[in-house]
Amino acid sequence: MTEKKAIVYVDMDHVLCDYAAGFARHKAKYPGRAFPQSKPGLYESLDPMPDAIDSYMWLHEHPKLDVYILTAPSIKNPHCYAEKRIWVENHLGMAVVENLIISPHKHLSKGDYLIDDMPSGKGQDLFDGELMLFGSDEFPNWTSVTRYFKTLVGR
Ligand SMILES: [Mg+2]
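Residues numbered from 1 in each chain as written. Predicted model: local features only at pLDDT ≥ 70, side-chain atom pairs only at ≥ 80, totals over all residues. Heavy atoms only, no water.

Quoted verbatim from the Sequence similarities (unreviewed entry) field of UniProt, the annotation for the protein chain is "Belongs to the 5'(3')-deoxyribonucleotidase family." (UniProt positions renumbered as here; feature names shortened; annotations may be inferred.)

As structure tokens, this is what we get:
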């Protein structure tokens, strides 16, 4: 009988992807637009957050964890659905694309941990498992997140 793996969900914007820096660049490219994010190219061009790629892959490859990306779409920007998928392939590879969930209702995904920078708005507050608030004092960055999982499930 094998032990059940813990299910971990990881958000994209402000957690895996540096949305703030990318948005500032995109805004400079389309000055005068109230919603520069509605112009294609933003989501695909985001840089990874510091240590995000190595940390995600460590979680993804851990034998005791089952890891998915759980990201809410910008529903008024249809291209963001495709661009998020392209970003994941470019930075994390096709094996992670298999585990990409784009959903505006995060609480409908059942699991143990949700790593997200927002406490609510897309169902985070209704999530059944533990919400690990990225950017908080407890989890200010990826180093603190991986340290937490290393104590939980080992290296
Ligand atoms: Mg986010």
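Caption draft 1: Region of interest: the sheet that holds strand β3 (residues 100-102). One open sheet holds the 5 strands; their spatial order is β3-β2-β1-β4-β5, and the pairing between them is parallel. Edge positions in the sheet fall to β3 and β5 (130-133), since each of these pairs with one other strand and no more. For this sheet the average axis-to-axis angle between neighbouring strands, irrespective of direction, equals 25 degrees. Pairing analysis gives 3 bridges linking strand β1 (residues 6-10) to strand β4 (residues 113-116), with the strands arranged parallel. Residue pairing for β4: Val8 is matched across the bridge by Tyr113. Where helix α3 (residues 52-61) meets the sheet, it contacts β1, β2 (65-71) and β4, and its direction lies at approximately 135 degrees from that of β2. (Pairing = 2+ DSSP bridges. Helix = DSSP H or I, 4+ residues; strand = E, 2+ residues; numbered from the N terminus. Axes fitted to C-alpha atoms, helices over the stretch in contact; angles between N-to-C directions. Contact = heavy atoms within 4.5 Å.)

Caption draft 2: Main features of helix α4 (residues 79-92). Taking 1.5 Å per residue, 14 residues should reach 20 Å; α4 reaches 20 Å between its end C-alpha atoms and fits that length. When we look at burial in α4, the residues that qualify are His79, Cys80, Glu83, Lys84, Trp87, Val88 and Leu92. Taken end-on, α4 shows its buried residues confined to a sector of 165 degrees, consistent with a single buried face. Considering only its buried residues, α4 is in contact with α2 (42-45), α3, β2, α5 (94-97) and β3. (Expected span 1.5 Å × (residues − 1). Buried < 20%, exposed > 50% of the residue type's maximum accessible area, 1.4 Å probe, protein only. Arc of directions from axis to C-beta.)

Caption draft 3: Quick look at the coordination of the magnesium ion. Within the protein, the atoms that donate to the magnesium ion are Asp11 (OD), Asp13 (O) and Asp117 (OD), at distances of 2.0 to 2.2 Å. Each donor residue of the magnesium ion lies on the same chain, and together they follow the pattern D-x1-D-x103-D. For Asp11, a relative accessible area of 5% gives the class buried. (Donors = N, O, S within 2.8 Å, 3.2 Å for Na, K, Ca; no water.)

Caption draft 4: Representation of the pairing of β2 in the model. Within β2, 5 of the 7 residues are buried, which leaves it mostly tucked inside the rest of the structure. Across 3 bridges, the pairing between β2 and β3 is parallel. Looking across to β3, one finds that Ile69 is bridged to Leu100.

Caption draft 5: Spatial organisation of the pattern of salt bridges. With the rule as written, the count across this model stands at 6 salt bridges. For the salt bridge of Lys84 with Asp13, the shortest nitrogen-to-oxygen distance reads 3.3 Å. One end of the pair, Lys84, is in helix α4; the other, Asp13, is in the loop between β1 and α1 (19-29), with 71 residues separating them in the sequence. Across the pair Arg25 and Asp47 runs a salt bridge whose closest N-O atoms are separated by 3.3 Å. (Salt bridge = Lys/Arg side-chain N within 4 Å of Asp/Glu carboxyl O.)

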